[in-house]
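Inside the fold
One-letter residues, chain by chain:
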Amino acid sequence: SRLGFAKGDVFSTKKLQEAVVERLGSMYYDAGYIFATVNPVEKQTQADTIDLNFFVTEGKAVTVNKIQIAGNTKTKEKVIRRELYVRPGDTFSRDMLLRSQREVFVLNYFSDVKPDVKPIDEEKVDVMVEVVEKSTDTANMSAGWSERDKIIGSIGVAMNNLFGNGQRLSFDWNFGRYYRSFQLGFTEPWLFDSPTLASVSI
C-alpha cells in the first residue's frame, strides 16, 4: 500500500525510487529504524514484464539518548524543552521531532529552528535542536488632535518573552484632555511548570 504502484502498472524508475526512498524509507525512519535499508531487485520474467523483489534489512529501532539545545542566547532552556514531543529514552520518531520543531517555532521567539539527529551507535541517537533568537518586544505610539480633547494619543509596550521565561508583560496608556486610561497585563503560559496558562490584567 505504500509503494504507489501496483501489479499491471507501467514500470517507472522514478516511481520505484520514490517508493524506496520517500515511502518505505520514511516509514521505517518514522518508526525509529533509522538504519533500515530497502533494496529493490528487478527480475525480467517476460519480454515486457518484470518482477520486483524488495529485500529489507530493518536493524533495530533506536532510542533517544540526549536532547541538546543550542543558540538560545536569551530564552531559557526549559522554555524550549517543555514544547518538545521527544524525550530521552523514547523510541526515536521523526514525526514527533518535526512536531517539536513546529511547536518551538510557534512560540515566535526564534527566526529559525533546526532539529538534527546524531547517531551514537546502532541503538541510540542524540537529538540537537538549534534555534536562532529574534526580537520579540513590540512598542507603539500614536498622537492626534481633537476639538474636544485637544491632544490625544496612546503609548504601548509589550515584552513577549520576559527575561527569557516565555512570560508576557504589556503596558498601554491612552490619554486626552478629559480622560486617561492605563492597562497593565501579565501572562504566565506555564504556571508552576505545568501546562496551565494564567493571566492578570489591571
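Residues numbered from 1 in each chain as written. Predicted model: local features only at pLDDT ≥ 70, side-chain atom pairs only at ≥ 80, totals over all residues. Heavy atoms only, no water.

**Description of the sheet that holds strand β6 (residues 138-146)**
Spatially, the five strands line up as an open sheet ordered β6-β7-β8-β9-β10, and their pairing is antiparallel. The open sheet has two edge strands, β6 and β10 (198-201), and neither has a second partner. Between one strand and the next, the sheet's axes are offset by a mean angle of 5°, whatever the strand orientation. The pairing of β6 with strand β7 (residues 150-162) spans nine bridges and is classified as antiparallel. Counted as the bridge partner of Gly144 is Ile152 from β7. (Pairing = 2+ DSSP bridges. Helix = DSSP H or I, 4+ residues; strand = E, 2+ residues; numbered from the N terminus. Axes fitted to C-alpha atoms, helices over the stretch in contact; angles between N-to-C directions.)

**With respect to the nonpolar core**
By size, the foremost hydrophobic cluster in this structure holds 20 residues, and its most contacted members are Ile67, Phe92, Val104, Phe110, Val127 and Val131. When residues of this core are traced back to their parent elements, those giving at least two are β3 (63-70), α2 (77-81), α3 (94-106), β4 (110-119) and β5 (124-133). Among the elements that make up this core, the one with the highest residue count is β5 (four residues). Those residues in contact with Phe92, other than ones at most four positions away along the chain, are Tyr29, Asp30, Ala31, Gly32, Ile34, Val62, Thr63, Val64, Leu97, Val117 and Val125. (Core = buried A, V, L, I, M, F, W, Y, C linked by side-chain atoms within 4.5 Å. Buried < 20%, exposed > 50% of the residue type's maximum accessible area, 1.4 Å probe, protein only. Contact = heavy atoms within 4.5 Å.)

**Here we look at α3**
With 13 residues, α3 extends 18 Å between its outermost C-alpha atoms, agreeing within 8% with the 18 Å of an ideal straight helix rising 1.5 Å per residue. Burial in α3 covers these residues: Leu97, Ser100 and Val104. Summarising the axial view, the buried residues of α3 lie within an arc of 55°, below the 170-degree limit, and thus occupy one face. Where α3 is buried, its residues touch α2, β4 and β5. For α3, the N-terminal capping position is held by Ser93, with its side-chain oxygen 3.4 Å away from the main-chain nitrogen of Asp95. (Expected span 1.5 Å × (residues − 1). Arc of directions from axis to C-beta. Polar contact = N/O pair within 3.5 Å; in protein donor to acceptor, adjacent residues only side chain to side chain.)

**Some remarks on the packing of aromatic side chains**
If you walk through the whole model with that rule in mind, you get five aromatic pairs. Seen in terms of ring centroids, Tyr29 and Phe92 are 5.6 Å apart; in terms of plane orientation they differ by 85°. Their pairing is edge-to-face. Of this pair, Tyr29 sits in helix α1 (residues 13-30) while Phe92 sits in the loop between α2 and α3, and the two are 63 residues apart along the sequence. For Phe92, a relative accessible area of 1% corresponds to the buried category. Positioned above the aromatic ring of Tyr85, the side-chain terminus of Arg99 is 3.9 Å from the ring centre. (Phe/Tyr/Trp six-rings, centres within 6.5 Å; stacked < 30°, edge-to-face > 60°. Lys NZ or Arg CZ within 6 Å of the ring centre and 35° of its normal.)

Interpretation note: all reported values are geometric properties and have no functional meaning in isolation.
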